[in-house]
Amino acid sequence: MKTLLCFAVFFLLTSVESAFSQEYHPMLRNSTWLLYDWTSHGSPSEERMIEQAEDIIIGSYTYKKYIDQFPSYDNYSNLLHTVYLREDVAERKVYKIVDSVDLLLYDFNLENGSTIYQYGNTFTAAVDYIFVNGGTRKRITLKSTEEYCGERLTQVWIEGVGSDKHPFYPDYSMYNVCSASGGTMVFTKCSFQNGEHIFGNPDCLSFIPLGVEESDTVSDNISVSPNPFVSELSIESAIAFDNVSLKLYNAVGQLVREINNISGQRITLNRENLNSGLYFIQLFEKGKLVKSSKVLVD
């Protein structure tokens, strides 16, 4: 009996590990990041959004174009810088154009003990898995083999998100281990894909990009009331919904309710087992986000 039990546990663990190793969540799917900039020299902290622009063909590859602006406290704050990224989903790698050269940015094939040479340093990988909105993602923590100021340099990569610092510059602020005050830091506060909140603070749901020009008009034609509500919430639209999906998240970003295939001009959301507190609603019509709203349950 013990032998059978041990075999079952081994099979289960092997199956889970295999599932993790086989499934891959792409990073570049109409992706958007909300960044948080912090500096130790007294300048105010800032938040800024980086959104995907048009696709660009360079050589034999198609790249996603992104435009970022330096924070206002930076000496180059009046400058915009453009970044071109491409993803090889089959190889689980993301590349960036640097000085007309295709540079490896992320390699999500790395496993425990793997090494990679980047930014003039050799890093060793430690792998675990974290829960984000939409499932489990691989997290890779890279530490330099050499020490700087008594510390090993660190990067953290999250599959489908990028770095927990700047998505285009995983080494950003890496050398702050040598700064007594902490220097300048950039954090990925949240990331979105196709208008859906994937990673980070649930407060970011209010920043969700609409993604298409028409969405502003669509969103204005949709009302959510009463807010706060006790037993029932009504979502009404001047234009009839067509194959709409509703997603409801709690205050920590967990999906607690989902309703699909909704049509008509009114959606009724019953409280049922929802606890009192803050929630976030997203409405998708034919895969496009048309409304996001905060609601309170009394």
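Residues numbered from 1 in each chain as written. Predicted model: local features only at pLDDT ≥ 70, side-chain atom pairs only at ≥ 80, totals over all residues. Heavy atoms only, no water.

Draft legend 1. Up close: the environment of Ser231. Residue placement: Ser231 occurs in the loop between strand E14 (222–225) and strand E15 (232–249). On a C-alpha basis, the gap between Ser231 and Leu269 in space is 8.6 Å, while along the polypeptide they are 38 residues apart. In this structure Ser231 touches Leu269, Asn270 and Arg271, once residues within four positions along its chain are discounted. (Helix = DSSP H or I, 4+ residues; strand = E, 2+ residues; numbered from the N terminus. Contact = heavy atoms within 4.5 Å.)

Draft legend 2. Layout of the sheet that holds strand E10 (residues 151–158). Sheet architecture is open: five strands sit in the order E7-E8-E9-E10-E11, paired in antiparallel fashion. Since the sheet does not close on itself, it has two edges, and those belong to strand E7 (115–118) and strand E11 (162–163), each with one partner. Pairing of E10 with E11, which is carried by two bridges, proceeds in the antiparallel orientation. Paired with Ile158 across the bridge in E11 is Gly162. (Pairing = 2+ DSSP bridges.)

Draft legend 3. Representation of the pairing of strand E6 (residues 101–107). Taken together, the six bridges between strand E5 (residues 93–98) and E6 define a ladder with antiparallel strand orientation. Looking at the pairing, Ile97 lines up with Asp102 of E6.

Draft legend 4. A look at the side chain of Ser234. By the secondary structure assignment, Ser234 is in strand E15. A relative accessible area of 8% places Ser234 in the buried class. A distance of 2.8 Å separates a polar atom in the side chain of Ser234 from a polar atom in the side chain of Arg266. Non-local contacts of Ser234, meaning those with residues more than four positions away in its chain, are made with Ser223, Val224, Ser225, Arg266 and Ile267. (Buried < 20%, exposed > 50% of the residue type's maximum accessible area, 1.4 Å probe, protein only. Polar contact = N/O pair within 3.5 Å; in protein donor to acceptor, adjacent residues only side chain to side chain.)

Draft legend 5. How the structure looks around the environment of Tyr106. Its location among the elements puts Tyr106 in strand E6. Each C-alpha atom, one on Tyr106 and one on Lys93, is 5.5 Å from the other, the two residues being 13 residues apart in sequence. Residues contacting Tyr106, with those up to four places away along its chain left out, are Met27, Arg92, Lys93, Val94, Trp157, Gly162, Ser163, His166, Pro167, Phe168 and Pro170. For Tyr106, the side chain forms a polar contact with the main-chain nitrogen of Ser163, separated by 2.9 Å.

Draft legend 6. Structural context of the nonpolar core. Among the nonpolar cores identified, the biggest contains 31 residues, and Trp33, Ile140, Leu142 and Trp157 are the most heavily contacted of them. Of all the secondary structure elements, the ones that give two or more residues to this core are strand E1 (31–39), strand E4 (80–88), E6, strand E8 (121–132), strand E9 (135–148), E10 and strand E13 (196–200). In terms of residues, this core owes the most to one element, E8, which gives five residues. If sequence neighbours within four positions are ignored, Leu142 has contacts with Leu110, Ile116, Phe123, Thr124, Ala125, Leu153, Thr154, Gln155 and Trp157. Core analysis: the second largest hydrophobic core is formed by 19 residues, Leu233, Val244, Leu274 and Val295 among them. (Core = buried A, V, L, I, M, F, W, Y, C linked by side-chain atoms within 4.5 Å.)

Draft legend 7. Region of the structure containing the pairing of E14. Across the two faces of E14 the burial differs, with Ile222 and Val224 buried and Ser223 and Ser225 not buried at all. What sits between E14 and E15 in their antiparallel hairpin is a turn of six residues.

Draft legend 8. Looking closely at the confidence of the model for the protein. In the predicted model, the protein carries a mean pLDDT of 81, and 77% of its residues have values of at least 70. Every residue in residues 4–20 is under pLDDT 50, and counting partners more than four places away or in other chains gives two contacts. (pLDDT = per-residue confidence, 0-100.)

Draft legend 9. Looking closely at unusual backbone geometry. Residue Ser225 is joined to Pro226 through a cis peptide bond whose omega torsion reads -15 degrees. If you trace the backbone, Pro226 turns up in the loop between E14 and E15. Cis rather than trans, the peptide bond between Asn227 and Pro228 has omega equal to 15 degrees. Along the polypeptide, Pro228 turns up in the loop between E14 and E15. We note that Asn30 has phi near 50 degrees; this positive angle belongs to a residue other than glycine. Structurally, the position occupied by Asn30 is in the loop between helix H1 (2–22) and E1. The partly exposed category is assigned to Asn30, whose relative accessible area is 36%. Of note, Ser100 is a non-glycine position whose phi angle comes to about 70 degrees, a positive value. By secondary structure assignment, the location of Ser100 is in the loop between E5 and E6. Overall, Ser100 belongs to the exposed group, its relative accessible area being 73%.

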